[in-house]
Amino acid sequence: MVAEFYPGWLDHWAEPFPKVSTESVVKQTRKYLDGGVSFNYYMVHGGTNFGFTAGANYNSATNILPDMTSYDYDAPISEAGWATEKYNAIRELLIKRVSYKVPPVPARIPVVKLEPIQLNKTADVFQMLGKMKPVENETPLTFEALNQGQGYVLYRRHFNQPISGLMKVSGLADYALVYINGKKLGELNRVIDRDSIEVDVPFNGVLDILVENMGRINYGARITKNHKGITGPVTIDGNEITSGWQMYQLPMMTVPDVDTLPRGYNSGLPVLYSGTFEVAAPGDTFLDMEHWGKGIVFVNGINLGRYWRVGPQQTLYLPGCFLKKGKNEIVIFEQQNDEKKTQVTTVTTPVLEKLVKE
């Protein structure tokens with residue numbers, strides 16, 4: 001019994017999309033059939049890691065390999081439920097070995113291309129902090145210590161005296177943007193093992209570190225080493241920074257109510273975009289996020305998952321069942337915010353193999 005016969009493979013951010021050829025899958029399937037072997041395709045149908053459900057693997061004691069939002073898997077049936085060349089080849093092989101009539105392949109679910117979705121309001125995410133009470137501690141607390149499973153935490157530290165040098169965030173899990181006095185300085189990224197950055201904090205300066213949980217390790221020996229956030233000491237020029245840490249929790253488990261926030265936009269700071277759009281006849285579509293930075297998208301309150309310009313995934317699957325005839329709502333949390341956006345567009349074919357080297 002072959003419990004997991006892989007006709008494809010899962011994909012990680014910042015890595016090439018792995019492919020398994022149709023020929024090899026058909027050849028191996030025929031071998032199992034000829035040998036009387038029972039087997040199970042994993043996966044026969046691709047899927048989607050909606051919201052924050054994507055997990056992660058790892059390749060060292062520090063690195064992480066976060067799974068993409070799409071779990072298309074190069075499977076015989078695609079993420080959107082389409083029969084692929086691989087599916088048709090397997091079907092042709094199997095249909096010759098049964099005595100009953102095999103029904104036709106179902107037609108694709110309708111796919112639509114929407115008019116460009118206008119984003120008519122922006123809100124500076126840092127403005128949300130004024131309505132929040134931070135957790136204070138001598139040292140940074142992990143997500144688990146804050147009783148938070150997913151999303152983001154902003155770590156803030158006020159400095160009475162200037163300090164400069166190499167800042168090292170030990171045990172960063174997993175991705176962070178660093179700000180000084182409300183200006184973006186750069187990023188830290190566990191995927192490429194980057195946990196340090198040069199900082200120059202002035203007198204009465206404010207250091208902010210916005211940390212994102214990119215998915216928990218779900219397989220292997222390190223499955224128990226899964227704390228998120230800042231899991232070790234923060235040092236600047238070799239000196240541990242203790243006392244006075246504030247943690248603002250942004251789990252993003254529900255869509256932020258942008259209408260309750262004042263309008264605001266600051267280049268380089270995390271931003272919320274919102275807008276409404278009309279749909280005449282709902283159908284499946286794909287949001288084109290290729291020219292965005294990094295973040296998540298909510299449509300009608302549903303978190304479609306993470307996008308990241310490094311690829312190889314450049315689109316987000318938006319099932320037609322998530323849309324309504326008439327007015328629909330979209331909210332985008334854009335972390336990097338290097339360029340102001342005014343709209344988001346859709347395409348009718350997913351882009352899952354476009355890797356961008358940064």
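Going by the structure above, here's the rest.
None of these values were measured; they are calculated from a predicted model.

Asks: Is there a simple way to explain empty space enclosed by the protein in this structure?
Replies: If you roll a probe as big as a water molecule over the atoms, it shows you where there is empty space left. All told, the structure shown has one cavity of 30 Å³ or more when counted by the stated rule. When its volume is computed, the largest cavity comes out at roughly 40 Å³. Taken together, Asp72, Ser78, Glu79, Ala80, Trp82, Phe286, Pro350 and Leu352 form the lining of the largest cavity. The residue inventory of the lining of the largest cavity, partitioned by class, reads five nonpolar, one polar and two charged.

Asks: Would you mind going over unusual backbone geometry with me for this structure?
Replies: Of all residues except glycine, most have a negative phi; of all peptide bonds, most are trans. Here the bond from Tyr42 into Met43 is cis, since omega is 0°, no more than 30 degrees from zero. On the secondary structure map, Met43 appears in the loop between β2 (39–41) and β3 (47–48). The backbone phi angle of Asp193 is positive, close to 60°, even though this residue is not glycine. Tracing the backbone through its elements, the reader meets Asp193 in the loop between β14 (183–189) and β15 (196–201).

Asks: Whenever I open this one, the sheet that holds strand β21 (residues 271–279) confuses me. Can you help?
Replies: Pairing between sheet strands relies on hydrogen bonds along the backbone, with the strands arranged either parallel or antiparallel. In spatial order, the strands read β8-β21-β26-β23-β24; together these five strands make up an open sheet with antiparallel pairing. Unpaired on one side and paired on the other, β8 (121–124) and β24 (302–308) mark the two borders of the sheet. The mean inter-strand angle of the sheet, taken between neighbouring strand axes irrespective of direction, is 20°. Pairing between β8 and β21: four bridges, direction antiparallel. Across the sheet, Lys121 pairs through a bridge with Ser274, a residue of β21.

Rules and cut-offs
Residues numbered from 1 in each chain as written. Predicted model: local features only at pLDDT ≥ 70, side-chain atom pairs only at ≥ 80, totals over all residues. Heavy atoms only, no water. 1 Å grid on protein atoms, 1.4 Å probe; cavity = no way out; pocket = protein on both sides within 12 Å on 5 of 7 lines; lining within 4 Å. Points joined across faces, edges and corners; volume = space filled by probe spheres on them. Nonpolar A, V, L, I, M, F, W, Y, C, P; charged D, E, K, R; others polar. Helix = DSSP H or I, 4+ residues; strand = E, 2+ residues; numbered from the N terminus. Pairing = 2+ DSSP bridges. Axes fitted to C-alpha atoms, helices over the stretch in contact; angles between N-to-C directions.

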